[in-house]
Amino acid sequence: NAHVQLIIINVVVFLLMGIVWVFSNIGGFEWVFQLVYNQFSIPPKIGDFILRPWTFVTYGFAHSLDIYHILFNMLFLYWFGRLFIEYLGNDKLIAIYLLGVMAGGLVYLLLFNTVPFFASRSDFPGMVGASAAVYAVMVATATLLPDYTFHMLLIGPVRINYIAAFFIVVSFLGTVGSNMGGNIAHLGGALMGYIYTRQLQVGVNWGGWITTVLNWFAELFKPSPKVKVSY
């Protein structure tokens, strides 16, 4: 149930940030919320990013205080994540989620610091959201099972490769819109999802190192068994 655990983490972070936002506004110290928010928000300018390098990962577990932002991300993560786990397991879902976050952040930073069109529009504080990770999971699943069908409300049965293609096109068109940073990250995550599954199909696991690292940390906090010696 890794997809459920990832959803819980995202929801808990959303609720905690919401609580901080409400109380900081009531108390008149909005800077506290901004300070917390900055620990999750990945800035577009490389100079600002160097001061907050951990946001390369943390941005993928936070959302703006817009209920629809987190709602749709978590719904898609649940639908596609459950299907992904059925065929590839929990460890690989966590791996592709984190790889999607990192790929989205990398493409976002590269474009906003190398392409003049985006660099001239990098005067926003930063980006949050699990969308890059969700796109990675969605495209990875659609690449693995392109003919699998979801029954969509008011539409009927739709193959998941068409669903993934639709959202990729929408994000591509949005790269010159008001949420250009988010849409750029979507495309980075989608590309990682495709490459990840294709590599798995030839026997290469790009996320193996993530599983190894997480298992190592898990072992650190696992209580050592008490050994009783009997004669």
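Section: the pairing of strand β1 (residues 149-152)
Side chains on a regular strand alternate between the two faces of the sheet.
Phase 1: Inspection of the sheet shows β1 paired to strand β2 (residues 156-159) by four bridges, in the antiparallel sense. Across the sheet, the residue bridging to T149 is R159, located in β2.
Phase 2: The turn joining β1 and β2, which pair antiparallel and follow one another in sequence, is formed by three residues; a positive phi near 70° is taken by L154.

Describing the nonpolar core
Phase 1: With 55 residues, the main nonpolar core has L77, F80, L93, I96, Y97 and I160 as its most contacted residues.
Phase 2: Elements with a minimum of two residues in this core: α1 (2-27), α5 (67-88), α6 (90-114), α8 (131-144), α9 (160-173) and α10 (180-201).
Phase 3: Top contributing element to this core by residue count: α6, with twelve residues.
Phase 4: Here Y97 is in contact with L6, N10, G60, F61, L77, A130 and A133, once residues within four sequence places are set aside.
Phase 5: Within the second largest apolar cluster, six residues are counted, among which are V13, F33, Y37 and A62.

Concerning the side chain of T55
Phase 1: With respect to the helices and strands, T55 occurs in helix α4 (residues 55-58).
Phase 2: What makes T55 buried here is its relative accessible area of 0%.
Phase 3: For T55, the contacting residues outside a window of four places in its chain are N38, Q39, F40, S41, I42, P43 and F49.

Observations concerning α5
Phase 1: Given a rise of 1.5 Å per residue, 22 residues ought to cover 32 Å, and the 30 Å separating the end C-alpha atoms of α5 matches this to within 8%.
Phase 2: Those residues of α5 that fall on the buried side of the exposure criterion are I70, N73, M74, F76, L77, F80, G81, L83, F84 and I85.
Phase 3: Turning to α5, the residues buried within the fold contact α1, α6, α8, β1, α9 and α10.
Phase 4: Directly after α5, the chain includes G89, whose backbone phi takes a positive value near 95°.

Thresholds, definitions, all that
Residues numbered from 1 in each chain as written. Predicted model: local features only at pLDDT ≥ 70, side-chain atom pairs only at ≥ 80, totals over all residues. Heavy atoms only, no water. Pairing = 2+ DSSP bridges. Helix = DSSP H or I, 4+ residues; strand = E, 2+ residues; numbered from the N terminus. Core = buried A, V, L, I, M, F, W, Y, C linked by side-chain atoms within 4.5 Å. Buried < 20%, exposed > 50% of the residue type's maximum accessible area, 1.4 Å probe, protein only. Contact = heavy atoms within 4.5 Å. Expected span 1.5 Å × (residues − 1).

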